[in-house]
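# Observations on the model geometry
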Amino acid sequence: DAGILLSIAIPTWNRATLLEKALKNVGEQAGLFKNEIEIIISNNDSSDNTMQVMNEFTIAYPNLIIKTYHQESNTGYYGNFKKVRELSIGKYFWLLSDNEYLKNNAISIIINLIRKQQNVGVFYINNKIDPQINTEIKFEEAKKYFDSENAYQITLISSAIMLNNKQYDDEITTRYNNNLFMGFLYLINALRVKNKICTINSNLFSSEPAFVSFDVFAAWTFHILNCVNYMLEIELLNTYTKEKFISGYLKTNVKNHIIAFRKGIKTRENTYTLNDLRTLIENHYKHNKTYNKKVRPYLFSHFIIFYLFIFATKSKKAIAKVFFSKL
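Procedures and definitions
- Residues numbered from 1 in each chain as written.
- Predicted model: local features only at pLDDT ≥ 70, side-chain atom pairs only at ≥ 80, totals over all residues.
- Heavy atoms only, no water.
- Phe/Tyr/Trp six-rings, centres within 6.5 Å; stacked < 30°, edge-to-face > 60°.
- Helix = DSSP H or I, 4+ residues; strand = E, 2+ residues; numbered from the N terminus.
- Buried < 20%, exposed > 50% of the residue type's maximum accessible area, 1.4 Å probe, protein only.
- Axes fitted to C-alpha atoms, helices over the stretch in contact; angles between N-to-C directions.
- Parallel < 35°, antiparallel > 145°, perpendicular 65-115°, else oblique.
- Contact = heavy atoms within 4.5 Å.
- Nonpolar A, V, L, I, M, F, W, Y, C, P; charged D, E, K, R; others polar.
- Pairing = 2+ DSSP bridges.
- Polar contact = N/O pair within 3.5 Å; in protein donor to acceptor, adjacent residues only side chain to side chain.
- Salt bridge = Lys/Arg side-chain N within 4 Å of Asp/Glu carboxyl O.

The next subject is the packing of aromatic side chains. A full pass over the atoms with the stated rule returns 19 aromatic pairs. Geometrically, the ring pair formed by Phe81 and Tyr186 is edge-to-face, given 5.5 Å between the ring centres and 75 degrees between the ring planes. Residue Phe81 is found in helix H3 (residues 76-87), and its partner Tyr186 is found in helix H7 (residues 182-193); the two are separated by 105 residues along the sequence. Judged by its relative accessible area of 1%, Phe81 falls in the buried class. Relative to Tyr249, the ring of Trp220 has its centre 5.1 Å away and its plane inclined at 45 degrees; by these criteria the two rings are tilted. Here Trp220 is found in helix H8 (residues 216-233), whereas its partner Tyr249 is found in helix H9 (residues 239-262), with 29 residues between them in sequence. Given the relative accessible area of 9%, Trp220 is considered buried. Take Tyr249: its relative accessible area is 0%, and that puts it in the buried class. Three or more aromatic residues joined by ring pairs form one cluster here, namely Tyr124, Tyr145, Phe146, Phe181, Phe184, Trp220, Phe245, Tyr249, Tyr285 and Tyr291.

Right under this line is the structure:
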């Protein structure tokens, strides 16, 4: 249907309670744009009452375009994501997690932007701002957008509404099978078709705390580096902006995951010993200046020194907060 502007896709697994809340949230907003939106839900062979929640949703919103799919076996995150992508036919594609909830006007803002700005490859929601600030819109060429250490934030794929162009899907599926940033690879290829990014500076969604079920250290080493090298290959990045991009996620995501690991907070897929982790990260980043200066001390320091680093960082932030509050 050429009239469908937006496919909202929600892959899910064993989170029936969270899913029920997320679907109600989307359904109430989508009703205002029922002929321009489709909602796609794929159940990854859940053992809870996810199927019941999905069926009740389709009954509760009979006027919406809703597609549901039930995997016969658990296909992993990538397999379930791949299915909702295949089923989508909207001009733009928005992948949401089953634990994410849109603010009241989120869909309205997105649809109205799509109606006016169909020359955009990606609409990116910069959700990390003061919710009291009014919505601000900014347009940039993709290469300019990626000339920033904050550009890595667009890898949070639920923050990005991308052109639903599937021209390169088979290529990246073959080259990067099971890459945990497959959604980001789709986004990269959307920008190959239309290289403009629209940043929406607005607090449009929130996430319910949920257990991380994928290997975060594999994701932020060879998975993300495969994506970065692909961006370099298609000239979305150059050698200078590549280093900026990597520096951005090293001193935020990678450092924070290392800190959590050393504090004993482990994800379901995390079976590393400290030496395993040191080897993995060192193999990928040992020549990176940001890694050696900002990250490596947290990974290789003695246990006592590690906690001194944490204390010193918190103290600096507290002092800076007091200082700037008095300016």
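Next comes the rest of the write-up.
Let's shift gears to the packing of H9 against helix H10 (residues 274-285). One can describe the packing of H9 onto H10 by two numbers: an axis separation of 12 Å at closest approach and a directional angle of 175 degrees. Considering the angle they form, H9 stands roughly antiparallel to H10. Seen from H9, the contacting residues are Ile246, Tyr249, Leu250, Ile258, Phe261 and Arg262; seen from H10, they are Leu274, Leu277, Arg278, Ile281 and Tyr285. Taken together, the residues that form the contact of H9 with H10 break down as nine nonpolar, no polar and two charged.

Attention now goes to the sheet that holds strand E2 (residues 37-43). Spatially, E3-E2-E1-E4-E8-E6-E9-E7 is the arrangement adopted by the eight strands of the open sheet, whose pairing is mixed. Every interior strand has two partners, whereas the edge strands, strand E3 (65-70) and strand E7 (136-141), have only one. The mean angle between the axes of side-by-side strands here comes to 20 degrees, regardless of whether they run parallel or antiparallel. Direction of pairing for strand E6 (residues 122-126) relative to strand E8 (residues 160-163): antiparallel, over a ladder of three bridges. Residue pairing across strands places Phe123 opposite Ile161, the latter belonging to E8. Contacting strand E1 (6-12), E2, E3, strand E4 (92-95) and E8, H3 crosses the sheet at an angle of about 150 degrees to E2.

Attention now moves to the side chain of Asn25. Positionally, Asn25 belongs in helix H1 (residues 16-30). Looking at Asn25, its side chain comes within polar contact range of the main-chain oxygen of Leu102, at 2.8 Å. When near neighbours in sequence (up to four residues on either side) are disregarded, Asn25 contacts Tyr101 and Leu102.

As a further point, take the pattern of salt bridges. If you walk through the whole model with that rule in mind, you get 13 salt bridges. A salt bridge links Glu86 to Lys82; the nearest nitrogen and oxygen atoms lie 2.7 Å apart. In this pair, Glu86 and Lys82 are both assigned in helix H3, four residues apart and thus about one turn of the helix distant. Residue Lys82 is classed as partly exposed on the basis of its relative accessible area of 27%. Between Lys251 and Glu149 there is a salt bridge whose closest N-O contact spans 2.7 Å. Placement of the pair is Lys251 in helix H9 and Glu149 in the loop between helix H5 (142-145) and E8, with a sequence separation of 102 residues.

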